[in-house]
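Listed below are the residues making up each chain.
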Amino acid sequence: MRIITSAAAMQKLALQWKRTGVKIGFVPTMGYLHAGHLSLVKRARQAVGKNGKVVVSIYVNPTQFAPTEDLSKYPRDLKRDLKLCREAGADAVFTPGDAEMYPGKTEGNYSTYVIEENLGCVMEGASRPMHFRGVTTVVAKLFNLVLPDVSVFGQKDFQQAAIIQRMVKDLNFPLKIVVAPTLRERDGLAMSSRNKYLAGDLRRQATVLWCAIQIAKSIVEKSKSVSAADLKVDLKKLIEIEPDAKLDYVEFFNPETLQPVAQVKRGTQMALAVFVGKTRLIDNSQL
Ligand code: PAF
């Protein structure tokens, strides 16, 4: 497995592969890998076959963090990540530093960003302004360096996947996006690098996101159509029974357009963000 830290070297290798007709599968990550990420690597391998090449990027992208969000505390363990990538059968890991990804930024000489102007305005985009600008920018840059035929994203970041799909279509990136299912712990908690922060009872309380989804599902199964506003009030109460849980948002929306719906039915998408202690967790599901 190759470990590449330079943007130029990554692009050169990808161009070499391309010239010989090798298919490239790509999984962008911020590291601190878990089984969910490894399932994306497997999916990328499936897409490009044994003669293809699978690239994993590990880069904690500063432009998608707000100054109030503690970028420096984001969990990192590169040695372990590299071992996991090797075991998962990746051909290359691209792990650039900030100077490679945003050359000239500290001197004020970096000024180009990619902005999706519609799907990113609600939910995560409303709670974390500038977040998706950072995501689309870094993903566009990574696509230009890794030149993938297929790139795999997790369904756990539902809105992110929708925005990336829109960006690929709008900006004519010549690649296919695959969205792979969320992996969960036994008690339903969606796998996330941030789960590492959930010490002691917070880990138990974190299952409240999955509980809220299950309850919404059962309500929708029983009655054909429910008012989104009423359901939001009920779920907020349910979530905040947990002493350290605070609802950021719960939204019900059309999975294609991400537009909120007034009436929740089968097939409506639900997404929520909850602070459990200081850790902000997200989850989503189709109802
Ligand atoms: O989902 C993530 O881990 C990040 O948002 C991504 C896609 C790697 C971009 O930094």
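As the structure is a prediction and not an experimental result, all values here were calculated from the model.

So what's going on with the packing of aromatic side chains? Which residues, and what values?
In this structure the tally under the stated criterion is seven aromatic pairs. Taking 5.1 Å as the distance between ring centres and 85° as the angle between the ring planes, the aromatic pair formed by Tyr102 and Tyr110 counts as edge-to-face. Ring geometry for Phe143 and Phe153: centres 6.5 Å apart, planes at 85°, overall edge-to-face. Within this pair, whereas Phe143 is found in helix 6 (residues 131-146), its partner Phe153 is found in strand 5 (residues 150-154), the two being separated by ten residues in sequence. Considered together, Phe143 and Phe153 belong to a single accessibility category, that of buried residues. A cation over an aromatic ring shows up here: Arg80 above the ring of Tyr32, its NZ or CZ 5.9 Å from the ring centre. Residue placement shows Arg133 over the ring face of Tyr113; its charged tip is 3.7 Å from the ring centre.

Residues and numbers for the sheet that holds strand 1 (residues 2-4), please.
Reading across from one edge, 1-4-3-2-5-6 is the order of the six strands in this open sheet, with parallel pairing throughout. Of all the strands in the sheet, the pair left with one neighbour each is strand 1 and strand 6 (176-180). Strand-to-strand, the axes of this sheet are offset by a mean angle of 25°, without reference to chain direction. Pairing geometry for strand 5 and strand 6, over five bridges, is parallel. Its bridge partner lying in strand 6, Phe153 is registered against Val179. Strand contacts of helix 1 (residues 7-19): strand 1, strand 2 (24-29), strand 3 (53-58) and strand 4 (92-94), with the helix running at about 135° to strand 1, the strand carrying the most contacts. Packing of helix 6 onto the sheet brings it into contact with strand 2, strand 3, strand 4, strand 5 and strand 6, and relative to strand 2 it is tilted by some 150°.

Any chance you could break down the side chain of Glu116 for me, citing the residues and the numbers?
Checked against the element boundaries, Glu116 lands in the loop between helix 4 (98-101) and helix 5 (124-127). An unpaired buried charge is present at Glu116: no salt bridge exists, and Arg166, the closest side chain of opposite charge, is 4.2 Å distant. A polar contact of 2.9 Å, which involves the side chain of Glu116, links it to the backbone nitrogen of Leu119. A distance of 2.8 Å separates a polar atom in the side chain of Glu116 from the backbone nitrogen of Gly120. Ignoring any residue separated from it by four or fewer positions in sequence, one finds Glu116 in contact with Thr136, Ile163 and Arg166.

Tell me about the sheet that holds strand 11 (residues 279-286), and please be specific about residues and values.
What the three strands build is an open sheet, ordered 8-10-11; its pairing is antiparallel. Every interior strand has two partners, whereas the edge strands, strand 8 (245-253) and strand 11, have only one. Strand-to-strand twist of the sheet, defined as the mean angle between neighbouring strand axes without regard to direction, takes the value 15°. Pairing of strand 10 (residues 269-276) with strand 11, which is carried by eight bridges, proceeds in the antiparallel orientation. By the bridge assignment, Met270 is partnered in strand 11 with Ser285. Across the sheet, helix 10 (residues 228-239) touches strand 8 and strand 10, and the angle it forms with strand 8 is around 155°.

So, the pairing of strand 5: which residues are in play, and what are the values?
Counting buried positions over the five residues of strand 5 gives four, a clear majority of the element. Here two bridges tie strand 2 to strand 5, and the two strands are oriented parallel to one another. Residue pairing across strands places Gly25 opposite Val150, the latter belonging to strand 5.

For the site of the ligand, give the residues involved together with the corresponding values.
Around the ligand, a shell composed of Pro28, Thr29, Met30, Asn61, Gln64, Val135, Val138, Val139, Phe153, Asp157 and Gln160 is seen. Between the ligand and the protein, one listed contact pairs an oxygen atom with a side-chain N or O atom of Gln64 at 2.6 Å. Gln160 has a polar side-chain atom sitting 2.7 Å from an oxygen atom of the ligand. In isolation the ligand offers 290 Å² of accessible surface; the protein chains occlude 88% of this area. For the shell around the ligand, the class distribution of residues is six nonpolar, four polar and one charged.

Cut-offs applied
Residues numbered from 1 in each chain as written. Predicted model: local features only at pLDDT ≥ 70, side-chain atom pairs only at ≥ 80, totals over all residues. Heavy atoms only, no water. Phe/Tyr/Trp six-rings, centres within 6.5 Å; stacked < 30°, edge-to-face > 60°. Helix = DSSP H or I, 4+ residues; strand = E, 2+ residues; numbered from the N terminus. Buried < 20%, exposed > 50% of the residue type's maximum accessible area, 1.4 Å probe, protein only. Lys NZ or Arg CZ within 6 Å of the ring centre and 35° of its normal. Pairing = 2+ DSSP bridges. Axes fitted to C-alpha atoms, helices over the stretch in contact; angles between N-to-C directions. Contact = heavy atoms within 4.5 Å. Lys, Arg positive; Asp, Glu negative; His and termini not counted. Salt bridge = Lys/Arg side-chain N within 4 Å of Asp/Glu carboxyl O. Polar contact = N/O pair within 3.5 Å; in protein donor to acceptor, adjacent residues only side chain to side chain. Near = heavy atom within 4 Å. Areas by Shrake-Rupley, 256 points an atom, 1.4 Å probe, with all protein chains shown as cover. Nonpolar A, V, L, I, M, F, W, Y, C, P; charged D, E, K, R; others polar.

Such coordinate-based values are descriptive only and should not be taken to indicate function.
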